[in-house]
Amino acid sequence: MSTTKTIQSALISVFDKTGLEPIVKQLHKQNATIYSTGGTEEFIKNLGIPVIPVEDITTFPEILGGRVKTLHPKIFGGILNRQDNQTDVEQMEQFDIPQIDLVIVDLYPFEKTVASGANETDVIEKIDIGGISLIRAAAKNFKDTVIVPSVAEYELFLGMIIEGNGATTIEQRKYLATRAFHVSSNYDTAIFNYFNTEDTYYKESIANGQVLRYGENPHQKGFFFGDFDAMFTKLHGKELSYNNLLDVDAAVNLIAEFKDNDPTFAILKHNNACGLATRKSMFAAYLAALDCDPTSAFGGVLMANGEIDMITALEINNLFCEVVIAPSYGDGAVQILQQKKNRIILVINDVPLPQRQVRTCLNGLLVQDKNNITDTKEHLKNVTNTVPTEQEIEDLLFASKICKNTKSNTIVFAKNGTLIASGTGQTSRVDALKQAIEKAETFGFDLHGAVMASDAFFPFPDCVEIAHHAGITAVIQPGGSIKDELSINYCNENNVAMVFTGTRHFKH
C-alpha cells in the first residue's frame, strides 16, 4: 500500500481561526469533504464553502453547552480505522462510518486563561476535552490520518498540501504527529500544574525552543527553551550563544537587586560581577564599574538599571563587549553601540521570572525556590561594640547584594558604592579573601575604610583578622557558626564593626 495519502475528507474544529481560510479554500479546491462543529462550521459557511455538520454523522446534537460535540464512535472510528486492516474496513462499512483523512484542531486557550487571572470556573471551562482527544487519535493513526494540532501548524500544513496537490507523505504525517503529541503533552502539563499542590511532583513543558550555535564548548550541542523575545527586544548583533545566555541571566539577577537604586552599572564575566558601581549618573556609574577590573571587562556582558544615554554609549563603544542590556537607550545611543556589528544590544522588558530553579543532578533533577531574600537594613544585627556608620551600612548592603549573586565561596569588598574586588568560587573562604585582596592591590585600590561581605559564616577568626590588616573596617555575614564569638571578639579588640543578617547566600 502506498504511503502517500490524498486527503479526501477533513474534520475541522478550532478555537483560533487565524490563517484557517486559505486551508479551507485549498481543501475545497481539491474536492475534499469538510466536516465541522459550532463556530468553525459557521466560519466555513460564511466563506461560501460546503460543510457538513458533525451532527449529520453522529445523528446526535451538540449537548451540555458545547462540552460534548465530537466524542462519538462514528467520529473516532473515522479517524482511528486502519485502512490496511480488513476487520477495520468491514466494521467501517457495517456501521456506516465515514473516513476522516485529516483532523485540524486548535485547543481552548487554557494557559492564556490562567495567565489572565480568570476565576476557577472560567479556567475549568477552558480545559479542552474533545479537541485533545481528536489530536491524540489522529496522531496515533498517523499512517492513515493527518493531524494539524494547533494554529502554529496551519502555514506548514498549507504548504504541504499545495506542494503535494492534496497528498501527504508518511514522513510528513509522522512529523505532524510528533508536533501533535508535543501540543497535547504541553497542554496536559499546564493543566496539571494549575491543579498541583504537591511539591514532590514535578512536570515542566516549554513549547518553544531554540537551537544555539553550540553549548558551553564547540563540541557540545546547545539549546534554549523559553520565550526570549518576551523578555528582551533585540536591537542589534549576532545570535546569543549558550555562554552569552548564562551571563545575561546572571546580569539580570544581579541588576534586579538594584532596580530601585540610583544609576547602577554592572559588568559580568563568567556569571560573576567584575565591575559594579552606583552613582548619580549612568555615565559615572559605568566609568566606576569599568575601573573595578578593566582587564576582566574585556569581552564581558554589560547591564544598566536605567537608561544608557549617548555619552555613556560613547564610552562603552571603546570597550570590546559581547552584550549590552538596559531598559531603554537615549537618543543616538543605539546608533553608537551598533558600530560594532556583532555586539548584541538588548532592551529588557518587565516580565515575571520563574520562582523555582532547576538543574540536572546525577540521574535526576534538583529543584529549589529562588533565593528571593535581599539583605536590608532591617535584617542587620549589630554584634560588636563598634557600630557601622551610615556610609558603611550602605556599602555593606551593596556588597551583600553582589555576594549573593557571586559563585561560592566568595568574599566581596566595597567602598562608596563601588565593587572594589571579589574572591569567587574558591574552595576555602580564606582563599577567596586572599584572592580579593590581591585583586584590589593589582588595580591600585586602597582597602582602608572598605567593607567586606561573606556569603556564609566564618568558622574561625582568621578571615576577619586578615581583612582587618588589609584595611577593612566593617563586615557583613550571616552568622551561625558555633565559634561566632571568636570573630566577634577579634572585631571588638580591633574596633571593627560586624553585623549578622541570619541569611546564608551560597551560590553553586
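Coordinates for the structure precede this section.
Before going into details, it helps to say that this report is about the structure given with it.

Rules used throughout
Residues numbered from 1 in each chain as written. Predicted model: local features only at pLDDT ≥ 70, side-chain atom pairs only at ≥ 80, totals over all residues. Heavy atoms only, no water. Helix = DSSP H or I, 4+ residues; strand = E, 2+ residues; numbered from the N terminus. Rg over C-alpha atoms; globule rule 2.2 N^0.38 Å. Contact = heavy atoms within 4.5 Å. Areas by Shrake-Rupley, 256 points an atom, 1.4 Å probe, with all protein chains shown as cover. Lys, Arg positive; Asp, Glu negative; His and termini not counted. Charge placed at Lys NZ, Arg CZ, Asp CG, Glu CD. Core = buried A, V, L, I, M, F, W, Y, C linked by side-chain atoms within 4.5 Å. Buried < 20%, exposed > 50% of the residue type's maximum accessible area, 1.4 Å probe, protein only. Pairing = 2+ DSSP bridges. Axes fitted to C-alpha atoms, helices over the stretch in contact; angles between N-to-C directions. Polar contact = N/O pair within 3.5 Å; in protein donor to acceptor, adjacent residues only side chain to side chain.

### Some words on the overall build of the chain
- Along its length, the chain carries 20 helices and 23 strands.
- The globule rule puts the C-alpha radius of gyration for 508 residues at 23 Å, and the 31 Å found for the chain is more than 25% above it.
- With the principal axes as the frame, the chain shows a C-alpha extent of 100 × 50 × 40 Å.
- Put simply, 56% of the contacts in the chain that link residues at least 6 apart link residues at least 24 apart.
- As displayed, the chain offers around 25,400 Å² of accessible surface, 52% of which is attributable to carbon and sulfur atoms.
- Side chains of the chain give 44 positive and 62 negative charges; the mean places of these two sets differ by 4 Å.

### Description of the nonpolar core
- Core analysis: the biggest nonpolar cluster contains 52 residues, and I12, L27, I75, I79, L102, I104 and F157 have the highest contact counts within it.
- Sort the elements by how many residues they give to this core and helix α10 (residues 170-195) lands first, with eight residues.
- Beyond its immediate stretch of four places on either side in the chain, I104 contacts L11, I12, S13, V14, L20, I23, L27, V148, Y154 and F157.
- Among the nonpolar cores identified, the runner-up in size contains 42 residues, and V248, L268, M303 and V499 belong to it.

### Describing the sheet that holds strand β2 (residues 9-14)
- In space, the five strands of this open sheet follow the order β4-β3-β2-β5-β6, with parallel pairing throughout. The open sheet has two edge strands with one neighbour each: β4 (52-53) and β6 (146-148).
- The pairing of β2 with strand β5 (residues 102-106) spans five bridges and is parallel. Considered in β5, the bridge of S13 is made with V105.
- Together, β2, β5 and β6 form the strand contacts of helix α9 (residues 154-163), whose direction differs from that of β5 by roughly 160 degrees.

### Quick notes on the sheet that holds strand β20 (residues 419-423)
- If you walk across this open sheet you meet the six strands as β18-β23-β22-β21-β19-β20, and the pairing is mixed. Looking at strand neighbours, the two that pair on one side only are β18 (381-382) and β20, the edges of this open sheet.
- Bridge analysis of β18 against strand β23 (residues 497-500) gives two bridges, and the strand direction is antiparallel. Within β23, the position partnered with N382 by the bridge is V499.
- Each of β19 (411-414), β20 and β21 (451-454) touches helix α18 (residues 429-442); the most contacted strand, β20, lies at about 140 degrees to it.

### Some points on the environment of F460
- Locating F460 in the fold gives a position in the loop between β21 and α19 (462-470).
- Look at F460 and you get partly exposed, because its relative accessible area is 41%.
- In this structure the C-alpha to C-alpha distance between F460 and N217, which are 243 residues apart in sequence, comes to 39 Å.
- Setting aside chain neighbours within four positions, we find F460 in contact with K483 and S487.

### A few points about helix α5 (residues 86-94)
- Where α5 begins, one side-chain oxygen reaches toward the backbone nitrogen of T87, 3.0 Å away; that side chain belongs to N85.
- Count one or two residues on from α5 and you reach D96, which has phi positive near 55 degrees.

### Observations concerning the side chain of D88
- Within the secondary structure layout, D88 lies in helix α5.
- With residues near it in sequence (within four places) discarded, D88 still touches N81 and R82.

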